[in-house]
Amino acid sequence: MRKKGNSFGTRSSLKLGGKSYRYHSLPKLEAAVGKLARLPVSLRVLLENLLRNEDGLLVKKQDVEALVNWDPKAKPSKEIAFMPARVLLQDFTGVPAVCDLAAMRDAVARLGGDPKRINPLQPVDLVIDHSVQVDTFGTESAFAENARMEFERNRERYMFLRWGQSAFSNFRVVPPDTGIVHQVNLEYLAQVAFSRKVGRATWVYPDTLVGTDSHTTMINGLGVVGWGVGGIEAEAVMLGRPISMLIPEVVGVRLVGKIPPGATATDVVLTVTQMLRKLGVVDKFVEYFGEGLASLSLADRATLANMSPEYGATIGFFPVDAQTIEYLRFSGRSEKQVRLVEAYFKEQGLFHTAETPEPEYSTVMTLDLSTVRPTMAGPRRPHDRVELPEVKKSFRKALVSACEAQLKDADQQAVNDWVESVDAASDAQIATPPAPAATSVPVKGNHLNYELAHGAVVIAAITSCTNTSNPAVLIGAGLLAKAAVKRGLAAKPWVKTSLAPGSKVVTDYLEAAGLMPYFEALGFHLVGYGCTTCIGNSGPLPHAVSKAITEGNLLVAGVLSGNRNFEGRVHAQVRANYLASPPLVVAYALAGTVDINLDHDPIGHDRAGRPVYLRDIWPAPEEIQAVIGSSLKSAQFKSRYADAFAGDDNWKAIPQLTGERYAWDPASTYIKEPPFFADLTLEPPALSDIRGGRSLAVLGDSVTTDHISPAGSIKVDSPAGKYLIGNNVEPPDFNQYGARRGNHEVMMRGTFANIRLRNKMVQGVEGGVTRHLPESTQMPIYDAAMKYQEEGVPLVIAAGREYGSGSSRDWAAKGTRLLGVRAVIAQSFERIHRSNLIGMGLLPLQFMEGESAESLGLTGEETFDIEGIAAGITPGQKLDVVATSPDGTQKRFATIVRINTPDEVEYYRHGGILNYVIRQLMKK
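I will try to describe carefully the structure that is included in this document. Every chain begins its residue count from 1, and numbering advances along the sequence as written. Predicted model: local features are reported for residues with pLDDT of at least 70 only, side-chain atom pairs are reported and counted for 80 or more only, and whole-chain, interface and lining totals are derived from all residues. Derived side-chain values reflect all non-hydrogen atoms in the structure, with water molecules and hydrogen atoms excluded from consideration.

Describing the packing of aromatic side chains
Step number 1: Each aromatic pair joins two rings of Phe, Tyr and Trp (for Trp, the six-membered one) with centres within 6.5 Å, and gets the label stacked for planes under 30 degrees apart, edge-to-face for over 60, and tilted for any other angle. Across all of its chains, the model carries 27 aromatic pairs by this definition.
Step number 2: When the ring of F151 is compared with that of Y158, the centres are 5.4 Å apart and the planes differ by 75 degrees; the resulting orientation is edge-to-face. Assigned by exposure class, F151 and Y158 land together as buried.
Step number 3: Between F160 and W163, the ring centres sit 5.8 Å apart and the planes meet at 20 degrees, which makes this aromatic pair stacked. Here the residue F160 and the residue W163 both occupy positions in helix 5 (residues 142–167), the gap between them amounting to three residues, near one helical turn.
Step number 4: With a relative accessible area of 0%, F160 lands in the buried category.
Step number 5: Ring-over charges, as used throughout, are those where CZ of Arg or NZ of Lys falls within 6 Å of the ring centre and within 35 degrees of the ring normal. One residue, K346, lies across the ring of F351, its end atom 5.0 Å from the ring centre.
Step number 6: Of note, K814 hangs over the ring of W811, and the distance from its end group to the ring centre comes to 5.5 Å. Relative accessible area decides the class of each residue, using a 1.4 Å probe on protein chains only: under 20% of the type maximum gives buried, over 50% gives exposed, and in between gives partly exposed. The secondary structure listing takes helices from DSSP runs of H or I that are at least 4 residues long and strands from runs of E that are at least 2 residues long, numbered from the N terminus.

As structure tokens, then:
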């Protein structure tokens with residue numbers, strides 16, 4: 001804490017249990033400046049942060065006054081500095097973050113400084129949860145086998161992280177096979193009231209954080225303000241640099257009523273996601289309030305908070321209340337900590353009760369929970385909500401779209417009748433379905449004979465932090481499995497089933513409830529404790545299934561309890577993916593197809609041949625709650641987290657490297673020194689205009705970081721595959737892109753290499769290809785970029801709306817920079833990716849309202865001059881772009897610089913935020 005800065009006289013003391021805590025009092029501020037209860041709770045947390053960090057430099061008295069006088073209807077314009085209490089990492093983003101810190105130490109040493117100056121100043125926790133893959137499934141040995149393969153593949157990465165654990169202070173690592181980062185955060189790491197000794201005093205303040213995973217927002221359900229940022233921004237926070245942000249608009253979501261029988265918290269969040277996407281909440285806070293709060297469990301709240309990135313908000317916040325206190329106590333937090341949380345939040349006026357007055361919000365949206373119906377989202381985006389009876393129609397529309405060329409001469413009325421068919425009975429009245437829809441491939445082998453058709457569910461995965469933190473949906477899935485097994489139902493033989501809980505507590509209560517045998521009877525064996533199918537770690541499909549998909553060019557489906565279903569994410573061969581609650585994942589494994597109406601059609605037949613409907617085996621809410629009450633115990637949390645940082649024998653067997661600077665191995669294909677600081681000078685070079693730039697790609701709407709950042713498997717014939725083979729790595733040992741994020745050579749070769757990327761410069765082709773100009777030669781994007789670099793040609797990307805949506809992948813910006821891109825011109829940017837681009841020294845430009853690459857007639861064949869950069873950038877200014885066509889015709893159009901704050905200007909001027917941090921440290 002900085003001693004100077006107490007303009008409003010808010011320093012106070014709180015005595016509790018014989019101990020004294022220092023804090024900044026919001027009631028004292030209220031006495032000085034007026035009523036604060038009108039402010040949303042999340043903004044009051046930011047207000048405390050400003051009071052505590054006021055120093056007259058980064059945080060001024062005027063900043064506090066600006067937030068006190070927040071106008072809910074005003075467009076955000078006031079910049080503030082937010083200093084999170086801690087940083088949370090997962091291993092995919094954590095490894096490159098530690099690589100950067102190690103490289104920064106080397107850079108400081110080269111500049112004559114002390115490398116130990118590069119050290120986390122804020123507490124940092126890294127949870128290794130993204131590296132386990134579902135290689136083995138459907139057997140009792142699946143978990144052990146997947147864990148064995150995980151350690152074999154990632155030994156070098158884990159050695160590097162163990163080095164980081166010893167080399168850096170304030171840095172802890174939760175070993176593999178413990179749980180998913182956000183569930184571990186919810187169940188164990190989060191303090192809600194954060195206490196830290198500074199000098200002789202112990203200070204208490206709200207627990208706040210940023211994390212390098214977009215679903216960091218899950219902790220908002222516990223009353224903790226935190227959100228996902230790129231690894232670049234997180235590293236700056238680790239090194240003591242605050243988050244520069246505009247005071248946001250806050251959208252209030254009023255909840256009324258209760259979730260009806262048959263619906264789940266998953267259905268609620270998919271409903272909210274669609275509603276808020278339609279409203280538009282990008283760069284805004286969302287805060288939940290209303291009488292309906294009381295009916296939502298803490299796990300339900302965490303489910304809603306988790307998917308804030310899917311509805312576009314910075315956070316999805318729930319205030320601290322009695323539910324929070326109950327959860328903290330039940331999940332094994334110490335009684336001392338629980339009492340501190342309750343006392344502090346009540347003292348600050350931040351504790352929510354039924355009598356708490358309603359704050360003012362920028363906009364208010366109301367959701368009656370009783371109107372929520374069983375729902376899925378798909379087949380391509382989390383906000384494409386489909387009520388259960390409509391899933392069949394949504395899939396058939398996707399299939400018709402995929403088969404558009406083949407159906408060109410078909411009877412369109414017959415096609416429409418087939419799409420609109422509501423159930424099996426109406427299907428029977430259709431003489432013949434459209435030819436492509438009737439395609440099926442016979443599969444034989446292993447004593448199985450079946451036909452694999454369009455719509456077949458080939459992946460059914462209970463996975464991801466969104467739902468595996470919620471006992472209600474997991475117990476519900478187990479009870480549905482139990483009822484199905486007792487009726488003689490089984491999962492279809494072509495379905496790859498998996499159960500990947502978010503923590504070991506989950507399997508404890510499932511075993512205590514006697515439900516694991518029923519999961520396993522349907523093939524839902526434990527495959528690992530980590531983020532699996534939801535991030536593309538679904539592993540290979542059985543060979544016979546994979547072969548049939550290829551042979552028939554089948555549009556098959558995945559059903560998963562995750563939060564992401566973007567194209568190419570779950571599995572390269574699975575083009576239709578639906579997000580669903582865990583009970584529905586089990587249901588679709590039984591049905592074996594999404595080409596079914598589970599409201600009307602039987603899910604299967606019992607031993608006597610009688611039809612069984614989903615409603616026959618769906619558990620009642622009372623039954624679910626009774627099982628939760630008898631099987632979920634506080635002792636399970638205390639036991640599992642008693643020694644969370646120790647790890648198992650696999651982890652303890654990893655060699656421990658030492659030294660303040662990392663000894664880079666030139667032969668390594670996993671960990672390499674990143675090149676970002678290789679030629680760093682004490683002063684930044686002058687900015688320059690972009691002259692004679694070329695388009696690397698012209699992209700459409702909703703291009704996600706999954707499309708940009710390398711993810712999933714590495715193909716043998718891809719630039720990354722060729723690089724690995726050239727370095728004596730055999731294809732079985734390629735691992736995946738996520739595991740190789742510590743090697744920039746692999747990652748830059750995989751940037752824009754997603755198999756579903758659609759570059760408008762190469763019509764009719766999907767994948768990471770472009771045309772090198774002016775000779776118009778088609779080649780991989782990486783190869784073209786390297787050729788342009790040899791020629792000294794700067795590059796630009798043109799894109800549509802929501803550019804960079806999805807996960808907070810810093811390599812989507814790092815890879816873009818390494819390819820030689822200097823500017824991205826889009827119709828709109830998702831928050832985290834825009835920040836990451838600036839953090840890597842790239843210029844985000846936005847088309848003027850109503851304009852786009854298409855409306856301006858840009859084809860990607862032009863050369864681009866972007867003028868005015870050298871004169872200096874200011875937040876939100878306009879820059880002219882001149883596009884010159886091959887025939888010499890010029891088009892001049894204005895763009896808006898999406899650099900929003902003076903701090904972001906400095907980061908851009910220095911070529912990136914980490915360059916800026918190094919130079920600031922050297923000046924000190």
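Comments concerning the pattern of salt bridges
Step number 1: Definition used for salt bridges: Asp or Glu carboxyl oxygen within 4 Å of a side-chain nitrogen of Lys or Arg. Enumeration over the complete set of coordinates arrives at 45 salt bridges.
Step number 2: The salt bridge partner of R691 is E867, with a shortest N-O separation of 3.7 Å. Taken together, the residues span a long stretch of sequence, with R691 in strand 26 (residues 690–698) and E867 in the loop between strand 32 (863–866) and strand 33 (878–884) at a distance of 176 residues.
Step number 3: For R691, a relative accessible area of 47% gives the class partly exposed.
Step number 4: Its relative accessible area of 24% is what places E867 among the partly exposed residues.
Step number 5: Residues joined in a network through salt bridges with shared partners are D689, R691, E867, D880 and R892.

Digging into unusual backbone geometry
Step number 1: In the segment running from G378 into P379, the intervening peptide bond is cis, with an omega of 10 degrees.
Step number 2: Structurally, the position occupied by P379 is in the loop between strand 16 (375–377) and strand 17 (385–387).
Step number 3: Cis geometry marks the peptide bond from L773 to P774, where omega comes out at 15 degrees.
Step number 4: Checked against the element boundaries, P774 lands in the loop between strand 27 (769–772) and strand 28 (777–780).
Step number 5: The backbone phi angle of F752 is positive, close to 60 degrees, even though this residue is not glycine.
Step number 6: With respect to the element layout, F752 can be found in the loop between helix 28 (744–750) and strand 27.
Step number 7: Look at S776: it is not a glycine, yet its phi comes out positive at around 65 degrees.
Step number 8: Along the chain, S776 falls in the loop between strand 27 and strand 28.
Step number 9: With relative accessibility at 32%, the residue S776 sits in the partly exposed group.

Considering the packing of helix 4 (residues 91–110) against helix 33 (residues 913–923)
Step number 1: Fitted lines through C-alpha atoms give the axes, limited to the stretch in contact for helices. The angle between two N-to-C directions lies from 0 to 180 degrees. Direction vectors running N to C along helix 4 and helix 33 enclose 40 degrees, while the axes themselves pass 11 Å from each other. The pairing of helix 4 with helix 33 is recorded here as oblique in orientation. Considering how the two elements wind past one another, helix 4 and helix 33 form a crossing that is right-handed. Together, D100, M104, A107 and V108 of helix 4 and L914, V917, I918 and M922 of helix 33 make up the contact between the two elements.
Step number 2: Residues are sorted three ways: Asp, Glu, Lys and Arg are charged, Ala, Val, Leu, Ile, Met, Phe, Trp, Tyr, Cys and Pro are nonpolar, and all the rest, Gly among them, are polar. Here the residues of the contact of helix 4 with helix 33 are counted per class, giving seven nonpolar, no polar and one charged. Note on terminology: angles under 35 degrees are roughly parallel, angles over 145 are roughly antiparallel, angles of 65 to 115 are roughly perpendicular, and the others are oblique. A crossing counts as left-handed when the near helix is turned anticlockwise from the far one by less than a right angle, and as right-handed when that turn is clockwise. Contacts are residue-level and defined by heavy atoms, with any inter-residue pair within 4.5 Å sufficient.

Description of the sheet that holds strand 10 (residues 225–228)
Note: strands within a sheet are paired through backbone hydrogen bonds, in either parallel or antiparallel orientation.
Step number 1: A sheet is described by the order of its strands in space; here five strands give the open sequence 6-5-4-9-10, paired in parallel fashion. Each edge of the sheet is formed by a strand with only one pairing partner; in this case those strands are strand 6 (171–174) and strand 10. Strand after strand, the sheet turns through a mean of 20 degrees between neighbouring axes, direction not considered.
Step number 2: Note that strand 4 (residues 86–90) and strand 5 (residues 124–127) share four bridges and pair parallel. Among the inter-strand pairings, L88 is bridged to a residue of strand 5, identified as D125. The pairing criterion is simple: DSSP has to find at least two bridges between the two strands.

Concerning the sheet that holds strand 12 (residues 250–256)
Step number 1: If you trace the four strands from one edge of the open sheet to the other, you get 14-13-12-15, paired in parallel fashion. On the outer flanks of this sheet lie strand 14 (315–317) and strand 15 (363–368), each paired with one strand and no other. The mean inter-strand angle of the sheet, taken between neighbouring strand axes irrespective of direction, is 20 degrees.
Step number 2: Bridge count between strand 12 and strand 13 (residues 285–289): five bridges; the pairing is parallel. The residue bridging V251 from the neighbouring strand is V286, located in strand 13.
Step number 3: Against the sheet, helix 2 (residues 41–53) contacts strand 12, strand 13 and strand 14, and its axis sits at roughly 120 degrees relative to strand 13.

Here we look at empty space enclosed by the protein
Step number 1: Within this scheme a cavity is a closed region of a 1 Å grid, computed over the protein atoms alone, that accommodates a 1.4 Å probe without allowing it to escape, whereas a pocket is open but has protein on both sides within 12 Å along at least five of seven lines; lining residues each have an atom within 4 Å of a point. Grid points are joined across faces, edges and corners, and a volume is the space filled by probe spheres set on the points. In this structure the tally under the stated criterion is eight cavities of 30 Å³ or more.
Step number 2: For the second largest cavity, the calculated volume is near 120 Å³.
Step number 3: Along the walls of the second largest cavity sit 14 residues, with P309, A313, E830, R831 and I832 positioned nearest its centre.
Step number 4: Split into classes, the residues belonging to the lining of the second largest cavity amount to four nonpolar, seven polar and three charged.

Examining helix 20 (residues 543–552)
Step number 1: Buried within helix 20 are the following residues: V545, S546, A548, I549 and G552. One side of helix 20 holds all its buried residues, which, seen down the axis, span an arc of 165 degrees. Exposed and facing more than 90 degrees away from the buried side of helix 20 are H543, K547, T550 and E551.
Step number 2: The secondary structure elements touched by the buried residues of helix 20 are strand 18 (440–445), strand 19 (448–453) and strand 20 (457–462).
Step number 3: Positive backbone phi, approximately 50 degrees, marks N553, located one or two places after helix 20. To obtain the arc, one takes the directions from the helix axis to the C-beta atoms.

Thoughts on the nonpolar core
It is characteristic of soluble globular proteins that their nonpolar side chains tend to be buried jointly.
Step number 1: Within the largest apolar cluster, 300 residues are counted, with the highest numbers of intra-cluster contacts made by Y288, L452 and Y803.
Step number 2: Broken down by element, the residue count for this core peaks at ten residues, all from helix 4.
Step number 3: Excluding residues within four positions of it along the chain, Y803 makes contact with L699, V703, I708, F752, I797, V824, A826, S828, F829, E830 and H833. Only buried residues count toward a nonpolar core, which is a set of Ala, Val, Leu, Ile, Met, Phe, Trp, Tyr and Cys residues joined through side-chain atoms within 4.5 Å.

What about the side chain of R756?
Step number 1: Mapped onto the elements, R756 comes out in the loop between helix 28 and strand 27.
Step number 2: Looking at R756, the relative accessible area reads 15%, which means it is buried.
Step number 3: Polar contacts here mean pairs of N or O atoms no more than 3.5 Å apart (in protein, one a potential hydrogen donor and the other a potential acceptor; neighbouring residues in sequence count only if both atoms are side-chain atoms). In terms of polar contacts, R756 uses its side chain to reach the backbone carbonyl oxygen of A572, at 3.2 Å.
Step number 4: Within the local environment of R756, its side chain forms a polar contact with the side chain of E766, the two groups lying 2.9 Å apart.
Step number 5: Not counting residues within four places of it along the chain, the set of residues in contact with R756 comprises E567, G568, A572, R575, H707 and E766.

Honestly, it's all geometry; don't read function into it.
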